[in-house]
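# Overview (structure and organization)
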Amino acid sequence: MNSPLSSKNLRLFTNSVAFKCLLLVGIALFYRALLLSYTSRNALSGGSLVPARHMSDSSSTNGIRTDKFLEVPQIVWGLNNQKIAFARACLTARLMNRTLLMPSLSASLFYKEVDKLRPIPFDQVFQFERFNSLCSGFVRLSRFPDVRNRAQVFDLEKGSGRRWTVERDMEQLKHSSRNESIDEFEVIRVIGKNPFLWHDHWPVEDYAKVFECMVVVDEISREADKVVMKIREAGEAERAKLGSKTETLPGPIPFVAVHMRIEIDWMIHCKKLEQRQKVSEICSSKREIMERVGNISSLKTPTVLYLAVADTLLEEKEEDSSVLRGWRDGLIPFEKKKLGVKEEIYGKYSYLIQSAIDYEVCLRADVFVGNSFSTFSSLIVLERTQKARKLGVMSSCDDGENKWRSYAYNLAGESKGVPRRWMTNMTHSSLQAISYGSNSVSCSKMERSHTSDQSGCPDC
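This structure is a prediction, so every number in the text was calculated from the model and none was measured.

### Some details on the packing of helix H3 (residues 79–95) against helix H7 (residues 204–213)
Two elements in contact, H3 and H7, have axes whose closest approach is 10 Å; the angle formed by their N-to-C orientations is 105°. The pairing of H3 with H7 is recorded here as roughly perpendicular in orientation. Residues Lys83, Ile84, Phe86, Ala87, Arg88, Cys90 and Leu91 of H3 pack against Asp206, Tyr207, Val210 and Phe211 of H7. Partitioned by chemical class, the residues of the contact of H3 with H7 number eight nonpolar, no polar and three charged.

Here it is, written out as structure tokens:
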């Protein structure tokens, strides 16, 4: 008698119709399982640059992984260069679907005060919890104690120099985010020389989202409030002196913040920049700034001017610094020293905190006038543009007496002797113009030629 497991019986079974049907069913089930797995992963990834393996409901907050981190070096240079570098670090972490470990900023300008360079935690300048709340679902910050294993770190070295192009930089980031062996590391640590001060991969609107989440700590905000109050009080005192000689305006006396870049090191830099770029609208003399600010037709008198200037211009022995002399009648200029806040408020803090206070003061002005090749001026105008857009103002040519209006004194307007109206172009594909300066700002002649109203905006 043949055994059920004999070779003869096995051959008969494998040749049978039943076996062939079972085999076909098994193959169909196998491919169905593969298809379902692929479909579910693709749906979770949503077609983004983030690989499907990055998605994990158990270790993410609003889609951002909380168990994988990006670490960056101490961020350096001036306040607004540091803000830009921080935003780039955030957007890099977003590309990799990682949480950014809270970086250190720098309390002083390293190229001027190398011996005094010291780190300052991000949360001593900007509100940590508020940042995560406002940027929820877009980018996320975490603290170093949240890392479980500090030994599990992958060092990602960023290149530098002319050969390290924008394309190479982006390709490295994409490769690191897609490479499973790299992504397994809990922390990717970026190393290199100032890796986030150079290449730019993101549109202006992405930067603007990050900047909106960067709310200064209460101490800085209170100090800025004190300076603004001093400016308003000084204006009221001057108005009281003028008495019946001037028109009485309702409400507090308006103030204009003027970011004057006329210090020697800036003038040397901008002259070289003009020669390199073959343009003549970067540098502005004190006289030109005074003339153009004085010709803004919408300014009522008296108007207080707050002059945001380098401290080197306030070290003159005379009681009144030279930047206060020469303004037209009705414009009442003040700077830190004359307001009595240079030592009382600013003198208590490091360079970075002083800059943050000045930034907040200029941001709160009724009118802001700056230099379009200054990063400080450019970021203030970007934030003022965001505030104006929320009020429905989409063009500086059409904004009338919009409270968030801004001007670039280094660029001539269409009327003789006036500065050009200035709003940030939020449609730019990169932050290039803001990072390195531009003479192409809103309400230029080229842009005006495409608008329907050719008679408006007298100060463009």
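Text resumes after the structure shown.
### Observations concerning the sheet that holds strand S9 (residues 187–191)
Overall, parallel pairing links the five strands, which are arranged S7-S4-S3-S9-S8 in an open sheet. The two strands at the open ends of the sheet, each matched to only one other strand, are strand S7 (141–142) and strand S8 (153–157). Both strand S3 (residues 69–71) and strand S4 (residues 99–101) contribute to a ladder of two bridges, which runs parallel. What sits directly across from Leu70, in S4, is Leu100. Contacts between H3 and the sheet are confined to S3, S4 and S7, with S4 contributing the most and set at about 140° to the helix.

### Comments concerning the pairing of strand S13 (residues 367–370)
Residues Val367 and Val369 line one face of S13 and the alternating positions Phe368 and Gly370 line the opposite face, and both faces are buried. Direction of pairing for strand S10 (residues 255–259) relative to S13: parallel, over a ladder of three bridges. Looking at S13, one finds that Val258 is bridged to Val369. Bridge count between S13 and strand S14 (residues 406–412): three bridges; the pairing is parallel. Note that in S14 the partner of Phe368 across the bridge is Ser406.

### Structural notes on the packing of helix H8 (residues 218–242) against helix H12 (residues 351–363)
One can describe the packing of H8 onto H12 by two numbers: an axis separation of 9 Å at closest approach and a directional angle of 55°. With respect to each other, H8 and H12 are oriented oblique. Handedness of the crossing formed by H8 with H12: right-handed. Mapping the contact onto sequence places Ile220, Glu223, Ala224, Val227, Val228 and Ile231 in H8 and Ile353, Ala356, Ile357, Glu360 and Val361 in H12.

### What to know about the pattern of salt bridges
Summed over all chains, the structure comprises 21 salt bridges. The residue Glu236 makes a salt bridge to Arg239 at a minimum N-O spacing of 2.8 Å. One end of the pair, Glu236, and the other, Arg239, are both in helix H8, three residues apart, so they sit about a helical turn from each other. For Glu236, a relative accessible area of 32% puts it in the partly exposed group.

### Description of the sheet that holds strand S12 (residues 331–334)
In space, the six strands of this open sheet follow the order S12-S11-S10-S13-S14-S15, with mixed pairing throughout. Only two strands of the sheet have a single partner each, and these edge strands are S12 and strand S15 (419–421). Neighbouring strand axes in the sheet, compared pairwise and without regard to direction, differ in orientation by 30° on average. Note: S10 against strand S11 (residues 303–308), five bridges, orientation parallel. Looking at S11, one finds that Val258 is bridged to Leu307. Against the sheet, helix H13 (residues 375–390) contacts S10, S13 and S14, and its axis sits at roughly 150° relative to S13.

### Brief notes about empty space enclosed by the protein
Under the definition given, this model contains four cavities of 30 Å³ or more. When its volume is computed, the largest cavity comes out at roughly 70 Å³.

### Some thoughts on the state of the cysteines
The tally for this structure, following the rule as stated, stands at two disulfides. In this model, Cys135 is linked to Cys213 through a disulfide, with the two sulfur atoms separated by 2.1 Å. Handedness here is read from the sign of the S-S torsion; for Cys135 and Cys213, about 95°, the answer is right-handed. Here the residue Cys135 occupies a position in the loop between helix H4 (128–134) and S7, and Cys213 occupies one in helix H7, the gap between them amounting to 78 residues. The pair formed by Cys135 and Cys213 is uniform in burial state, with each residue classed as buried.

Rules and cut-offs
- Residues numbered from 1 in each chain as written.
- Predicted model: local features only at pLDDT ≥ 70, side-chain atom pairs only at ≥ 80, totals over all residues.
- Heavy atoms only, no water.
- Axes fitted to C-alpha atoms, helices over the stretch in contact; angles between N-to-C directions.
- Helix = DSSP H or I, 4+ residues; strand = E, 2+ residues; numbered from the N terminus.
- Parallel < 35°, antiparallel > 145°, perpendicular 65-115°, else oblique.
- Contact = heavy atoms within 4.5 Å.
- Nonpolar A, V, L, I, M, F, W, Y, C, P; charged D, E, K, R; others polar.
- Pairing = 2+ DSSP bridges.
- Buried < 20%, exposed > 50% of the residue type's maximum accessible area, 1.4 Å probe, protein only.
- Left-handed = near helix turned anticlockwise from the far one by under 90°.
- Salt bridge = Lys/Arg side-chain N within 4 Å of Asp/Glu carboxyl O.
- 1 Å grid on protein atoms, 1.4 Å probe; cavity = no way out; pocket = protein on both sides within 12 Å on 5 of 7 lines; lining within 4 Å.
- Points joined across faces, edges and corners; volume = space filled by probe spheres on them.
- Disulfide = S-S within 2.5 Å.

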